[in-house]
Amino acid sequence: MTKDVCGGGEEAALNWLCSRKRGCTSAIPNITWKERRVFPGHLVVPARVGGYSLPRRCSLLIRKEEKKHRFPAFFLEENNTVGKMSVFPKISLRLEVEKYLKEDFMNKEIVSAFGKQAAERKFEILLNHLSHPPSFTTVRVNTHLASVQHVKDLLFDELQKQFSGLNVPILQHPDLQDVLLIPVIGPRKNIKKQRCEAIVGAQCGNAVLRGAHVYVPGIVSASKFMKAGDLISVYSDIKGKCKKGAKEFDGTKVFLGNGISELSRKEIFSGLPELKGIGIRMIEPVYLSPSFDNVLPSYLFLQNLPSAVVTHVLNPQPGEKILDLCAAPGGKTTHIAALMRDQGEVIALDKIPNKVEKIKQNALLLGLNSIKAFCFDGTKALQLDMVKDAEGKPPFLPESFDRVLLDAPCSGMGQRPNMACSWTLKEVTSYQPLQRKLFTVAVELLRPGGVLVYSTCTITLAENEEQVAWALRTFPYLQLQPQEPQIGGEGMMGAGLAFEQLKQLQRFDPSVVPLRDTDIESLRDARVEDMIWLANKDCIGFFIAKFIKCKST
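Values in this document were obtained by computation on a predicted structure and should not be read as measured data.

With that settled, the discussion passes to the pairing of strand β10 (residues 179–183). The buried fraction of β10 amounts to five of the five residues, a majority that puts the element mostly inside the structure. Burial of the side chains of β10 extends over both faces: V179, L181 and P183 are buried on one face and L180 and I182 on the other. In the sheet, strand β8 (residues 136–141) pairs with β10 via five bridges, with the strands oriented antiparallel. Bridge assignment links T137 to a residue of β10, and that residue is I182. As paired elements, strand β9 (residues 171–172) and β10 share two bridges and run antiparallel to each other. Following the sheet pairing, L171 is matched in β10 by L181. In this structure, the hairpin formed by β9 and β10 is closed by a connection of six residues.

According to the stated counting rule, one finds 20 salt bridges in the structure shown. K102 serves as the salt-bridge partner of E120, at 2.9 Å between the closest nitrogen and oxygen. Here K102 lies in helix α2 (residues 95–105) and E120 lies in helix α4 (residues 116–130), a separation of 18 residues in the sequence. Classification of E120 as partly exposed rests on a relative accessible area of 29%.

A complete count under the given rule lists four cavities of 30 Å³ or more for this structure. Estimates place the volume of the largest cavity at around 100 Å³. Residue lining of the largest cavity: 13 residues in total, with P133, S135, Y287, R516 and D538 positioned closest to the centre. Each residue belonging to the lining of the largest cavity can be placed in one class, and the counts come to six nonpolar, four polar and three charged. Looking at the second largest cavity, its volume works out to about 80 Å³. Lining of the second largest cavity is provided by P134, F136, T138, L181, R210, Q303, N304, L305, A535, D538, C539 and I540. Partitioning the lining of the second largest cavity into residue classes produces seven nonpolar, three polar and two charged.

Our focus in this paragraph is unusual backbone geometry. The phi angle of most residues is negative, glycine excepted, and most peptide bonds adopt the trans form. Following G186, the chain continues into P187 via a peptide bond in cis, with omega recorded as 0 degrees. Within the fold, P187 resides in the loop between β10 and β11 (197–201). With an omega of 5 degrees, the peptide bond running from A328 to P329 counts as cis. Locating P329 in the fold gives a position in the loop between β18 (321–324) and α9 (331–339). Even without a glycine there, the phi angle at S164 is positive, about 55 degrees. Here S164 shows up in the loop between α5 (148–162) and β9. On the accessibility criterion, S164 (70% relative accessible area) is exposed. For R341, which is not a glycine, the phi torsion comes out positive at approximately 60 degrees. Within the element layout of this structure, R341 appears in the loop between α9 and β19 (345–350). With a relative accessible area of 54%, R341 lands in the exposed category.

Here S223 is to be found in the loop between β13 (219–222) and β14 (231–237). In contact with S223, other than residues within four places in its own chain, are R195, C196, E197, K247 and R265.

A sheet is described by the order of its strands in space; here four strands give the open sequence β9-β10-β8-β17, paired in antiparallel fashion. Among the strands making up the open sheet, the edge pair consists of β9 and β17 (300–302). Along the sheet, α5 contacts β8, β9, β10 and β17; its crossing angle with β10, the most-contacted strand, is approximately 25 degrees.

Quick look at the UniProt feature "active site" (unreviewed entry) in the chain now. Residues given the UniProt feature "active site" (unreviewed entry) here are C457. In this structure, C457 sits in the loop between β23 (446–456) and α13 (465–474). For C457, a relative accessible area of 17% corresponds to the buried category. Dropping the residues within four chain positions of it, C457 is found in contact with C410, G412, M413, G414, Q415, I540, G541 and F542.

The rules behind the values
Residues numbered from 1 in each chain as written. Predicted model: local features only at pLDDT ≥ 70, side-chain atom pairs only at ≥ 80, totals over all residues. Heavy atoms only, no water. Buried < 20%, exposed > 50% of the residue type's maximum accessible area, 1.4 Å probe, protein only. Helix = DSSP H or I, 4+ residues; strand = E, 2+ residues; numbered from the N terminus. Pairing = 2+ DSSP bridges. Salt bridge = Lys/Arg side-chain N within 4 Å of Asp/Glu carboxyl O. 1 Å grid on protein atoms, 1.4 Å probe; cavity = no way out; pocket = protein on both sides within 12 Å on 5 of 7 lines; lining within 4 Å. Points joined across faces, edges and corners; volume = space filled by probe spheres on them. Nonpolar A, V, L, I, M, F, W, Y, C, P; charged D, E, K, R; others polar. Contact = heavy atoms within 4.5 Å. Axes fitted to C-alpha atoms, helices over the stretch in contact; angles between N-to-C directions. UniProt positions renumbered as here; feature names shortened; annotations may be inferred.

Put into structure tokens, the structure is as follows:
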């Protein structure tokens, strides 16, 4: 559990802890304890504090309210939280991949600074978090067409319908004014499992845990007696072992909740290609999140919190020419255009045709006219011969853009929930060379004084901090810049970056908070600032670096 004793300092925090453990309400005399940083924001309290013995080691999680110039707020967290609130097993990885990731999180710099045991524990917590969904659903308001308050009111009415009058709060993020946060209710452990079952693929299962219904293409197996209108228990085949069309499955499966079948088994597996709609409508999911299927499509864009942070860090301005080098499906592209008030030029590139069409569709749906999307390989976007570029189409002349966003293709190891990843080590480690090719093009296309933002949705050192260290060595005219807003934690040790450089990075690491149950009662008692803090921490794994190009190349 976590206890907030904001403003009280170490003594108040430790008083609370000892009174809870020993029934003692008096102040602790002569507090003497060895402060030891385990990871940024954490302190470890010894097993004996002020003469009182504690049954288990506890950590002191510190959050500084720097903007308000207040004393630190202290959060006491029992250190036995690995798996405590888990309803799913930790993410299943190939042994070679898990070993590779463990070497990242237990590299020499980290072990030397914090100790082997603490580093190993943090890694195990991270693997456990990756299989569970974040604590909040995040949506971005299209401020080009409507005010945040207007959309918030419309969304409140929609949630009342979806949740049958359940009063789930909608929070506006204080540092990201166009972002709304909706708490996820769960895990709900009193759902009765049904005799009739359906098995869905792992990707479909992940979507269900984020609020989606089950679409027909995602259904792998169904009980032989399943009819339209039946109450169905839905399970995820996390290891991909279930055969399409099977009538039963006894392999590894994870319960996702109950739903109503829209079709019979015979209809689902009829082979008709036009069957692409909802196959099972979830009514009792283990994690209750709103469905955004065709909900306010011109006003809302479903987006993970760090993905919305990226565009604010880029800070696009009206009238600028901006490049989104790897743009699909267009969430950040449309966010850039909205922040520019649709004034200027946003060039979006992707090399897959149907993804480019998706960008165009999203721009049209959101009413944004400043976006030009092209099907083009970003690694070839630089025009090497100094001839005039063809009417604003790629490839482009050097130093053509005021700002460049490189949301790079990556291993995606920070995505949540993700219960199983079957990738080989070769696949996981294949992205670094491609990222460097794209980064080199981005630098060349950026004008002097321009801003380059690099981001990934992965947790590996090779794709994040190591790329920053490489960039600073390779391009001496690039300077790392502080980020605003700074919502994530600092960068991770292990790539040889200085502490001041690590502080200029943002690494979103969900393992910094324990998994927890959320129900309506706990939401009624929760403070808004604590919910915002939790949303900032318990999100997907993500990384952001911001550079400025100091001179022409």
